[in-house]
Amino acid sequence: MTNVKKAKMILDKDYKIGEVDKRIYGSFIEHLGRAVYGGIYEPGHPLADKNGFRKDVIQLVNELNVPIVRYPGGNFVSGYNWEDGVGPKEKRPRRTDLAWSTIETNQVGTNDFADWAKLAGTEVMMAVNLGTRGIDAARNFVEYCNHPGGTYWSDLRKSHGYAEPHRFKVWCLGNEMDGPWQIGHKTAEEYGRLACETAKVMKWVDPSIELVACGSSGIGMPTFAQWEATVLEHTYEHVDYISLHQYYGNRDKDTADFLANTMALDAFIKSVIATADYVKAKTRSKKTINLSFDEWNVWYHSNDADRKIERWSIAPPQLEDVYNFEDALLVGGMLITFLKHADRVKIACLAQLVNVIAPIMTSNGGGAWRQTIFYPFMHVSNYGRGYALNPIISTPVYDSKNYTDVPVLEATAVYNEEKDELTIFALNKDMNDTLSLECDIRNFEGYRVVEHIVLHNDDVNAVNTEANPFNVVPSNSGDAKIINGIVTANLSNLSWNVIRLAK
Ligand code: AHR
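Residues numbered from 1 in each chain as written. Predicted model: local features only at pLDDT ≥ 70, side-chain atom pairs only at ≥ 80, totals over all residues. Heavy atoms only, no water.

## A few points about the site of the ligand
Move 1: Around the ligand lies a shell of 13 residues, among which Glu30, Asn75, Glu176, Tyr247 and Glu295 are the nearest.
Move 2: Between the ligand and Asn75, the relevant distance is 2.9 Å, taken from an oxygen atom to a main-chain nitrogen or oxygen of the residue.
Move 3: Out of a free accessible area of 290 Å², the ligand has 95% covered by protein chains.
Move 4: Tallied by class, residues from the shell around the ligand come to 6 nonpolar, 4 polar and 3 charged. (Near = heavy atom within 4 Å. Polar contact = N/O pair within 3.5 Å; in protein donor to acceptor, adjacent residues only side chain to side chain. Areas by Shrake-Rupley, 256 points an atom, 1.4 Å probe, with all protein chains shown as cover. Nonpolar A, V, L, I, M, F, W, Y, C, P; charged D, E, K, R; others polar.)

Structure follows, in structure tokens:
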């Protein structure tokens, strides 16, 4: 039997957390599996353009409204020679990719990806290799990409057909350098020193760039948060962001506990803020380091399949998680958590974008479709622009295997002043019960409900596939209404809700 629980929320346009940086709706394309080859790029596909980019994929990326895409890795970048991927395609070398035990053909590289990003209407968040390489390769790379001309590397770019500099603004200083799996894994001291010296010269080449230092690969790393403290002590004045990465899984088939992971995410973000601010205090700096959550998602479904991949193949199907309904709920909850930290989380990249732990799937030579997690991301990316509000929430709680006092209602709201729109994002985590929500929107006078979008499925394991692509889809079926400044809505058990209000 379905019971009804009650939750309350207050939203006031003056209770603002901060302006949402649209780059929190970023994503990630790594040279890994079929993300690039067979994903964004498949020459010969009926829907490929003259450069080999799949137009059906670009259309889905546009639906997600992704403002920035991290590239080219990930673990891949720690063994990458960027020079391999520029210039005439027929001259580009094939290399072993030691991060993923595959062959990299280099048929897509920096300039090609910049072309794709332009087509997709997104910016590139570039990365330099601090695994096998260092200061020299990094400074040359910035010069190649961003210098206007009249120098060796910028003229080389011009000779490759790119007269105008790419002007890549955000650069990652390596990737997950705290992880023993990383090519060129380092201690915090080693990485901190290298990141500092690399950052200095990269900014000397182009002072307009912003730099992301590697934080921990996850809160579970044994070196967390000493890693962040040491790295920032070395780099504080030379970098702009510290990175966070986190993936969750539900191997125990415990939905209530799985959805409670937003609590761990929140604690992770708070700890990194505290650590960055500790270094700020220690170094007497006036500057504040913000957070780049540049890898996040659910990742576990494909782990067994990946162990069977043949070594040294080209673009094999790696990390192809098929996402189910409960994954979409957690992804929605993670996005709400980022919005609650909109004052410090300025970049976030859903890892990844196509085929590899991704919202968009393709088949080689075939179609492209939306996974379950596509929908909450699309909703928040499209309707979550403006000011993140600080909601006052009272909600029932539950205990799960690893968490206590888990809020049943996970919710927040974004106020778009220019458009006079207010959007409430709300997750009901209750396994069985409907949540009756009463939301006082006090000084939002004259607002009406535009729509109440609901994503729900009776089966937490329901998925979308090429054969059945619309099995899990949102509908406009919610019952939100507004009477005397109070929004009421019944949020069905295990549901993702988007209540859009406007004047
Ligand atoms: O996104 C997949 C991989 O996860 C990335 O290459 C790496 O940075 C992380 O461990």
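## Quick look at the environment of Leu156
Move 1: Looking at where Leu156 falls in the secondary structure, it is placed in helix H4 (residues 152–159).
Move 2: Look at Leu156 and you get partly exposed, because its relative accessible area is 23%.
Move 3: Remark: the alpha-carbon pair of Leu156 and Ile357, spanning 201 residues in sequence, is separated by 35 Å. (Helix = DSSP H or I, 4+ residues; strand = E, 2+ residues; numbered from the N terminus. Buried < 20%, exposed > 50% of the residue type's maximum accessible area, 1.4 Å probe, protein only.)

## Digging into the sheet that holds strand E7 (residues 123–128)
Move 1: Strand order around the closed barrel formed by 8 strands is E3-E4-E7-E8-E9-E10-E11-E12, with parallel pairing between neighbours. Averaged over all adjacent pairs, the angle separating strand axes in this sheet is 30 degrees, with direction ignored.
Move 2: When strand E11 (residues 290–298) meets strand E12 (residues 345–350), the two strands line up parallel, connected through 4 bridges. Bridge pairing links Leu291 to Val345 in E12.
Move 3: Each of E7, strand E8 (170–173) and strand E9 (210–213) is contacted by helix H5 (residues 188–205), which is oriented at about 150 degrees to E8, the strand it contacts most. (Pairing = 2+ DSSP bridges. Axes fitted to C-alpha atoms, helices over the stretch in contact; angles between N-to-C directions. Contact = heavy atoms within 4.5 Å.)

## Focus on H5
Move 1: Over its 18 residues, H5 runs 25 Å from end to end, which matches the ideal 26 Å to within 8%, given 1.5 Å per residue.
Move 2: Listed as buried for H5 are Ala188, Tyr191, Gly192, Leu194, Ala195, Cys196, Thr198, Ala199, Val201, Met202 and Lys203.
Move 3: Contact partners of the buried residues in H5: E7, helix H3 (135–146), E8, E9 and helix H6 (226–235). (Expected span 1.5 Å × (residues − 1).)

## Re the domain arrangement of the protein
Move 1: Under the domain assignment, the protein is made up of domain 1 (4–13 + 389–502) and domain 2 (21–118 + 127–319 + 333–350).
Move 2: Domain 1 and domain 2 are separated by 32 Å when their C-alpha centres are compared.
Move 3: Contacts between the two partners involve 21 residues from domain 1, matched on the other side by 16 residues from domain 2.
Move 4: For the pair domain 1 and domain 2, the summed buried area comes to about 1500 Å², and 64% of that belongs to carbon and sulfur atoms.
Move 5: Summed over the shared surface of domain 1 and domain 2, the result is 2 salt bridges. (Domains from an automatic or database assignment. Buried area = accessible area lost by both parts, 1.4 Å probe. Salt bridge = Lys/Arg side-chain N within 4 Å of Asp/Glu carboxyl O.)

## Description of the pairing of strand E25 (residues 495–502)
Move 1: Most of E25 is tucked away: 8 of the 8 residues are buried.
Move 2: Taking every second residue as pointing to the same face, both faces of E25 are buried, with Ser495, Asn497, Ile499 and Leu501 on one and Trp496, Val498, Arg500 and Ala502 on the other.
Move 3: Pairing between strand E20 (residues 421–428) and E25: 8 bridges, direction antiparallel. Bridge assignment links Leu427 to a residue of E25, and that residue is Trp496.
Move 4: In this sheet, E25 lies alongside strand E22 (residues 448–455) in antiparallel orientation, the contact comprising 7 bridges. Within E25, the position partnered with Ile453 by the bridge is Val498.

## Points about helix H11 (residues 374–383)
Move 1: Burial within H11 is extensive, with 8 of its 10 residues counted as buried.
Move 2: Residues of H11 that are buried: Phe374, Tyr375, Pro376, Phe377, Met378, His379, Val380 and Ser381.

## A closer look at the packing of aromatic side chains
Move 1: Inspection of the entire model under this criterion finds 21 aromatic pairs.
Move 2: Judged by centre distance (5.4 Å) and plane angle (90 degrees), the ring pair of Phe141 and Trp171 falls under edge-to-face. Taken together, the residues span a long stretch of sequence, with Phe141 in helix H3 and Trp171 in strand E8 at a distance of 30 residues.
Move 3: Given the relative accessible area of 0%, Trp171 is considered buried.
Move 4: Each member of the aromatic cluster is reached from another via a ring pair, and the members are Trp82, Phe141, Tyr144, Tyr152, Trp153, Phe168 and Trp171.
Move 5: In this structure, Lys16 is placed above the aromatic ring of Tyr387, and the distance from its NZ or CZ to the ring centre is 4.8 Å.
Move 6: Above the face of the Phe374 ring, Arg370 is positioned so that its terminal group lies 5.7 Å from the ring centre. (Phe/Tyr/Trp six-rings, centres within 6.5 Å; stacked < 30°, edge-to-face > 60°. Lys NZ or Arg CZ within 6 Å of the ring centre and 35° of its normal.)

## Looking at the pairing of E7
The side chains of a regular strand alternate between both faces of the sheet.
Move 1: Counting buried positions along E7 yields 5 of 6 residues, so the element is predominantly enclosed.
Move 2: Taken together, the 4 bridges between strand E4 (residues 68–71) and E7 define a ladder with parallel strand orientation. Bridge pairing links Arg70 to Met125 in E7.
Move 3: Pairing analysis gives 4 bridges linking E7 to E8, with the strands arranged parallel. In the sheet register, Val128 faces E8, and the bridge partner there is Leu173.

## Things to note about the packing of helix H1 (residues 55–64) against helix H2 (residues 110–120)
Move 1: At a minimum axis distance of 9 Å, the contact between H1 and H2 shows a crossing angle of 60 degrees. Accordingly, the angle class assigned to the pair H1 and H2 is oblique. Contacts between H1 and H2 involve Ile58, Val61 and Asn62 on the former and, on the latter, Trp116, Leu119 and Ala120.
Move 2: Considered class by class, the residues forming the contact of H1 with H2 number 5 nonpolar, 1 polar and no charged. (Parallel < 35°, antiparallel > 145°, perpendicular 65-115°, else oblique.)

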